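# Reading the structure
One-letter residues, chain by chain:
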Amino acid sequence: MTSKLTAIFILLYSLTCLLKADTLAHKLTPGKTVFIDFPKLGKTWANKESRMGVFLPEDYSLERTYPLFVWFGGGYGSDNPNHAINIAGRKGFICVGLPYHHDGRQGELSTGGWAHTPWSYFKTMLTELEKRVPNINPQQRFCSGFSSGGAAIVSLIGRTNGA
């Protein structure tokens, strides 16, 4: 009797996990960019509320995994993943746009922008993405950027200790 109850519990738990993953991923629409807000992270370098743009490819399915393509924009940065979407051709990649943090100080005292955004800022956003989109391939993660976006990548590589 105990083994039957255990088997039923495992089955129900597994179904609950699948339904939860399915529900979270379906809040994002394939072929569309949606934005996930992070009000606790403060303002971006562009003086906007922190948020991450997420694009599920047009060929998105929960039945397979997808590589992640993270875009770091030029200038003040952007949460818009459009450049990554255009490079990927709208298929085959989950694309995100990550903005740069701003600490609220002005002038030389400011420690925001691409050179000073802490890894924890980006990690908070990427962790939430993994909760909502459970089928990102952990072995296929790419990033690219334009101008200060490229500088942001070089800066992060030097500051993340392999994260």
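Look up a bit, the structure's there.
A few points on the structure. Just so you know, these numbers come straight off a predicted model, no measurement behind them. (Residues numbered from 1 in each chain as written. Predicted model: local features only at pLDDT ≥ 70, side-chain atom pairs only at ≥ 80, totals over all residues. Heavy atoms only, no water.)

### Considering helix α5 (residues 148–159)
Given a rise of 1.5 Å per residue, 12 residues ought to cover 16 Å, and the 16 Å separating the end C-alpha atoms of α5 matches this to within 8%. Buried within α5 are the following residues: S148, G149, A152, I153, S155 and L156. The buried residues of α5 occupy an angular sector of 170 degrees when projected down its axis, which confines them to one face. Relative to its buried face, α5 has exposed residues pointing more than 90 degrees away, namely V154, I157 and G158. Next to the buried residues of α5 lie β3 (66–72), α3 (113–116), α4 (119–132) and β5 (136–145). (Helix = DSSP H or I, 4+ residues; strand = E, 2+ residues; numbered from the N terminus. Expected span 1.5 Å × (residues − 1). Buried < 20%, exposed > 50% of the residue type's maximum accessible area, 1.4 Å probe, protein only. Arc of directions from axis to C-beta. Contact = heavy atoms within 4.5 Å.)

### A look at the nonpolar core
In this structure, M52, F72, L98 and L129 are the most contacted members of the largest nonpolar core, which totals 26 residues. Here the element with the most residues in this core is α4; it accounts for five residues. Listed in part, the seven residues of the second largest apolar core include F55, F69, I85 and A88. (Core = buried A, V, L, I, M, F, W, Y, C linked by side-chain atoms within 4.5 Å.)

### Examining the sheet that holds β3
Across the sheet, five strands lie side by side as β1-β2-β4-β3-β5; this open sheet has mixed pairing. Both outer strands of the open sheet, β1 (33–37) and β5, are each paired with one neighbouring strand and no more. The sheet shows a mean angle of 25 degrees between the axes of neighbouring strands, direction not considered. Of the strand pairs in this sheet, β3 and strand β4 (residues 94–97) are connected by four bridges, and their pairing is parallel. When the sheet's bridge partners are listed, L68 is paired in β4 with I94. This element, α5, spans β3 and β5 of the sheet and lies at about 125 degrees to β5. (Pairing = 2+ DSSP bridges. Axes fitted to C-alpha atoms, helices over the stretch in contact; angles between N-to-C directions.)

### Considering the pairing of β4
Successive side chains on a regular strand alternate, one facing one side of the sheet and the next facing the other. Residue alternation in β4 divides its side chains into two sets, I94 and V96 and C95 and G97, and both sets are buried. As paired strands, strand β2 (residues 51–55) and β4 are joined by three bridges and run antiparallel to one another. Bridging from a neighbouring strand, G53 pairs with G97 of β4. The β-α-β motif built from β3, the intervening helix α2 (residues 82–88) and the parallel element β4 has right-handed crossover chirality. (Right-handed = clockwise from strand over helix to strand, strands pointing away.)

### Focus on the environment of L62
Within the secondary structure, L62 sits in the loop between β2 and β3. Residue L62 is classed as partly exposed on the basis of its relative accessible area of 31%. Spatially, the C-alpha atoms of L62 and I136 are 9.9 Å apart, while their sequence positions differ by 74 residues.

### Digging into the pattern of salt bridges
Applying the stated rule across the entire model yields six salt bridges. Close ionic contact of R90 with E58 constitutes a salt bridge, the shortest N to O distance being 2.6 Å. Of this pair, R90 sits in the loop between α2 and β4 while E58 sits in the loop between β2 and β3, and the two are 32 residues apart along the sequence. Notably, a salt bridge pairs E128 with R132, separated by 2.8 Å at the nearest N-O pair. Taken together, the residues span about one helical turn, with E128 and R132 both in helix α4 at a distance of four residues. (Salt bridge = Lys/Arg side-chain N within 4 Å of Asp/Glu carboxyl O.)

### Re the packing of aromatic side chains
Scanning all chains against the criterion turns up six aromatic pairs. Measuring from ring centre to ring centre gives 6.1 Å for F69 and F93, while their planes differ by 65 degrees; the resulting arrangement is edge-to-face. Residue F69 is located in strand β3, and its partner F93 is located in the loop between α2 and β4; the two are separated by 24 residues in the primary sequence. What makes F69 buried here is its relative accessible area of 8%. Relative to F122, the ring of Y121 has its centre 5.6 Å away and its plane inclined at 75 degrees; by these criteria the two rings are edge-to-face. A single burial state applies to Y121 and to F122, both of which are buried. Connected via pairs of aromatic rings, a cluster forms that spans F69, F93 and F142. A cation sits over an aromatic face here: R51 above F35, 3.7 Å from the ring centre. The lysine or arginine in question, R64, covers the ring of Y66, its NZ or CZ lying 4.0 Å from the ring centre. (Phe/Tyr/Trp six-rings, centres within 6.5 Å; stacked < 30°, edge-to-face > 60°. Lys NZ or Arg CZ within 6 Å of the ring centre and 35° of its normal.)

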